[in-house]
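A structural walkthrough
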Amino acid sequence: MHSHYNPILASVIMGWFIAQFLKTLVTFITTKKIKPHRMIGAGGIPSGHSAAVCALSVGIGRTCGVESPEFALAITLAAVVLYDAMGIRRAAGEQAKVLNDMLRRSADCTCAPLNENLGHKPIEVLCGVLIGAVVSFLMVR
């Protein structure tokens, strides 16, 4: 009988969940407000995306070996996600801040504000990477 437990997938989910939970906790500590949307939202510390792709890469490296095509695919995906988080999505968040400021100053604008929490600072990504690596090392043999 085959086991249906996938330790790599479990580590990805657990890494993401822990990062998102910590992000929600950090938001509560800094704002003194409960913001449940932070549990699934982008941006902030730590990066859930970074935790997930790092857990995936470490898990695949541990099970398939770092010389495997699977590891090459996982590490390439991780590089793209990390670059996107610190580059493109962060720039989009900064642009949203400027646009929201312009919209607040406009008397005739009834637009909803744009989401400013899109990308990550390098430290936020690093924290996510560390969470993902630790979780995967603990869960994947």
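Refer to the structure printed above.
Anyway, here's the lowdown on the structure attached to this text. (Residues numbered from 1 in each chain as written. Predicted model: local features only at pLDDT ≥ 70, side-chain atom pairs only at ≥ 80, totals over all residues. Heavy atoms only, no water.)

A short note on the overall build of the protein
Convention followed: For the purposes of this entry, the term helix denotes a DSSP run of H or I that reaches at least four residues, the term strand denotes a run of E that reaches at least two, and both are numbered from the N terminus. Any two residues having at least one pair of non-hydrogen atoms within 4.5 Å are treated as being in contact. We count Lys and Arg on the positive side and Asp and Glu on the negative side, and we leave His and both chain ends out. Working definition for charges: the position is that of NZ of Lys, CZ of Arg, CG of Asp or CD of Glu.
For the protein, the helix and strand inventory stands at five helices and zero strands. Taken from the N to the C terminus, the helices and strands of the protein come in the order α-α-α-α-α. Across its three principal axes, the protein shows a C-alpha extent of roughly 65 × 30 × 30 Å. Partitioning the intrachain contacts of the protein with sequence separation of at least 6 by distance along the chain shows that 68% fall at a separation of at least 24. For the protein, the centre of its 13 positive side-chain charges and the centre of its 8 negative side-chain charges are spaced 10 Å apart.

Considerations on helix 1 (residues 7–31)
Residues spaced three or four apart along an α-helix face the same direction, because each turn holds 3.6 residues. Selection criterion: Take the residue count of a helix, subtract one, and multiply by 1.5 Å to get its expected span. Each residue's exposure class comes from its accessible area (1.4 Å probe, protein chains only) as a fraction of the maximum for that residue type: buried when under 20%, exposed when over 50%, partly exposed otherwise.
The terminal C-alpha atoms of helix 1, which comprises 25 residues, lie 35 Å apart, in line with the 36 Å expected from a rise of 1.5 Å per residue. Those residues of helix 1 lying buried are Ile8, Ala10, Ser11, Val12, Gly15, Ala19, Gln20, Lys23, Thr24 and Thr27. Close packing links the buried residues of helix 1 with helix 2 (48–64) and helix 5 (122–139).

Some points on helix 4 (residues 88–105)
With 18 residues, helix 4 extends 26 Å between its outermost C-alpha atoms, agreeing within 8% with the 26 Å of an ideal straight helix rising 1.5 Å per residue. Of the surrounding elements, those touching the buried residues of helix 4 are helix 2 and helix 3 (69–86).

Remarks on the nonpolar core
For soluble globular proteins, the rule of thumb is that nonpolar side chains tend to be buried together. Rules: Note on terminology: a nonpolar core comprises buried Ala, Val, Leu, Ile, Met, Phe, Trp, Tyr and Cys residues joined through side-chain atoms within 4.5 Å.
Ile8, Ile60, Phe71, Ala74 and Val140 together form the largest nonpolar core, which totals five residues. Beyond its immediate sequence surroundings of up to four residues, Val140 is in contact with Pro7, Ile8, Ser11, Gly59, Arg62 and Thr63.

Details of the state of the cysteines
For the record, the criterion: Pairs of cysteine sulfur atoms within 2.5 Å are identified as disulfides in what follows.
A complete count under the given rule lists zero disulfides for this structure. Here Cys64 is not disulfide-linked; the sulfur of Cys54 is the nearest cysteine sulfur, at 16 Å. Residue Cys64 is classed as partly exposed on the basis of its relative accessible area of 35%.

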